[in-house]
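A structural walkthrough
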Amino acid sequence: MKTKVGIIMGSDSDLPVMKDAAKILEKFDISYEITVVSAHRTPDRVSEYAESAEERGIDVIVAGAGGAAHLPGMTASHTSLPVIGVPIKTSKLNGVDSLYSIVQMPGGVPVATVGINGAKNAGLLAIQMLGINNQKLRDKFMKYKAELAQSVKKTARELEN
Ligand code: RP5
């Protein structure tokens, strides 16, 4: 099976958060690659990664970074593939810096931004994007949503009793 999702992050210190994206992709049997690419420390690697992603079969890129989080935007500037940005929580500004750095892109270069440390949602959004041309995947996604609803209803019932 072709690798469908590229997960990248600015540092291996982002991995504890970014592995949530990998986990949800595994739950849906979506193949992915995962690596570290830094906008500031390995700028050449950003362009190389983004420009070759399509050739490797990647359909969506999930990019996490913290602080002056330029990785998702820089990646988006080098590819036509959709990029989902994950702002990583930081120790100094709690990730608000990461969020603002990722979400406020100039017109023409969108990055779909999830919440701070929202790697799971980034993975889910990637799955939904892949589902646009895949009915089986959409059915699986609806099953996932039904399970989610069941677990909330179960919790509600337990609280009510
Ligand atoms: C960013 O700086 C990374 O994405 C990470 O969130 C943050 C800190 O990186 P390290 O100093 O832990 O390598 O580029």
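Residues numbered from 1 in each chain as written. Predicted model: local features only at pLDDT ≥ 70, side-chain atom pairs only at ≥ 80, totals over all residues.

Regarding the UniProt feature "binding site: substrate" (unreviewed entry) in the protein chain
How we decide: UniProt positions are given in the numbering used here, feature names are shortened, and annotations may be inferred rather than shown by experiment. Counting from the N terminus, the helices are the DSSP runs of H or I reaching at least four residues and the strands are the DSSP runs of E reaching at least two. Exposure classification rests on a simple neighbour count of other C-beta atoms within 10 Å of a residue's own: a residue reaching 20 or more is buried, one at 12 or fewer is exposed, and one in between is partly exposed. C-beta atoms are placed from the backbone.
UniProt annotation of "binding site: substrate" (unreviewed entry) refers to Ser11, Asp14 and Arg41 when read in the numbering used here. For Arg41, the position within the fold is in the loop between strand S2 (32–36) and helix H2 (43–53). The exposure class assigned to Arg41 is exposed, which follows from the 11 C-beta atoms found within 10 Å.

Observations concerning the pairing of S2
Applied cut-off: Two strands form a pair only when DSSP identifies at least two bridges running between them.
Note: strand S1 (residues 5–9) against S2, five bridges, orientation parallel. Opposite Val5, over in S2, you have Tyr32 as the bridge partner.

As for the nonpolar core
Defined as follows: Only buried Ala, Val, Leu, Ile, Met, Phe, Trp, Tyr and Cys residues enter a nonpolar core, and they are joined through C-beta atoms within 7 Å. Any residue pair is listed as a contact if its two C-beta atoms, each placed from the backbone, are within 7 Å.
Membership of the largest hydrophobic core comes to 40 residues, with the highest contact counts inside it found for Ala21, Val62 and Leu71. For this core, the element with the most residues is helix H1 (residues 15–27), which contributes six residues. Look past the residues within four positions of Ala21 in its chain and what remains in contact with it is Ile7, Val62, Ala119, Lys120, Ala122 and Gly123.

A word on the site of the ligand
This is how the line gets drawn: Nearness here is judged by the C-beta atom: place it from the backbone, and if it falls within 6 Å of a molecule or strand, the residue counts as near that partner. In the scheme used here, Gly and all other residues not listed as nonpolar or charged are polar, with Ala, Val, Leu, Ile, Met, Phe, Trp, Tyr, Cys and Pro taken as nonpolar and Asp, Glu, Lys and Arg as charged.
All residues adjacent to the ligand are Met9, Gly10, Ser11, Ser13, Asp14, Ser38, Ala65, Gly66, Gly67 and Ile88. A per-class count over the shell around the ligand returns three nonpolar, six polar and one charged.

Observations concerning the UniProt feature "domain: PurE" (unreviewed entry) in the protein chain
Within this numbering scheme, the UniProt entry marks residues 3–152 as carrying the feature "domain: PurE" (unreviewed entry). When the span residues 3–152 is considered, its composition is 46% helix and 17% strand, and the gap between its end C-alpha atoms is 33 Å.

Looking at the packing of H1 against helix H5 (residues 119–131)
Quick note on the threshold: Every axis in this analysis is a line fitted to C-alpha atoms, fitted for helices over the stretch in contact. Angles between the N-to-C directions lie between 0 and 180 degrees. By definition, turning the near helix anticlockwise from the far helix through less than a right angle yields a left-handed crossing, and turning it clockwise yields a right-handed one.
The geometry of H1 relative to H5 is characterised by a closest axis approach of 7 Å and an angle of 35° between their N-to-C directions. In this structure, H1 crosses over H5, and the sense of that crossing is right-handed. Across from Val17, Met18, Asp20, Ala21, Ile24 and Leu25 in H1, the residues of H5 making contact are Ala119, Lys120, Ala122, Gly123 and Leu124. Class assignment for the residues of the contact of H1 with H5 results in eight nonpolar, one polar and two charged.

Description of helix H6 (residues 135–160)
Residue pairs spaced three or four apart in an α-helix point in one direction, given the helix's 3.6 residues per turn. Definition in use: A helix is expected to reach a length of 1.5 Å times the quantity of its residues less one.
Counted at 1.5 Å a residue, the expected span for H6 with its 26 residues is 38 Å, and the 37 Å between its end C-alpha atoms agrees. With zero of its 26 residues buried, H6 lies for the most part at the surface.

Let's talk about the sheet that holds S2
Strand order across the open sheet formed by five strands is S2-S1-S3-S4-S5, with parallel pairing between neighbours. Each edge of the open sheet carries a strand with a single partner, namely S2 and strand S5 (112–113). The sheet contact formed by S1 and strand S3 (residues 60–66) spans five bridges and is parallel. Bridge assignment links Met9 to a residue of S3, and that residue is Gly64. Against the sheet, H5 touches S1, S3, strand S4 (83–88) and S5, its axis set at about 165° to S3.

Details of the pairing of S4
Cut-off, in case you're wondering: The definition of a right-handed crossover adopted here requires that, viewed with the strands pointing away, the path from the first strand over the helix to the second runs clockwise.
Burial analysis of S4 places six of its six residues in the buried class, which makes it a mostly covered element. The two faces of S4 match: Val83, Gly85 and Pro87 on one face and Ile84, Val86 and Ile88 on the other face are all buried. Across six bridges, S3 lies against S4 in parallel orientation. Looking at S4, one finds that Ala65 is bridged to Pro87. Handedness of the crossover joining S3 and S4 through helix H3 (residues 71–76) is recorded here as right-handed. One ladder, built from two bridges, connects S4 with S5; its direction is parallel. Paired with Gly85 across the bridge in S5 is Thr113. The parallel pair S4 and S5 is bridged by helix H4 (residues 96–103), and the resulting crossover is right-handed.

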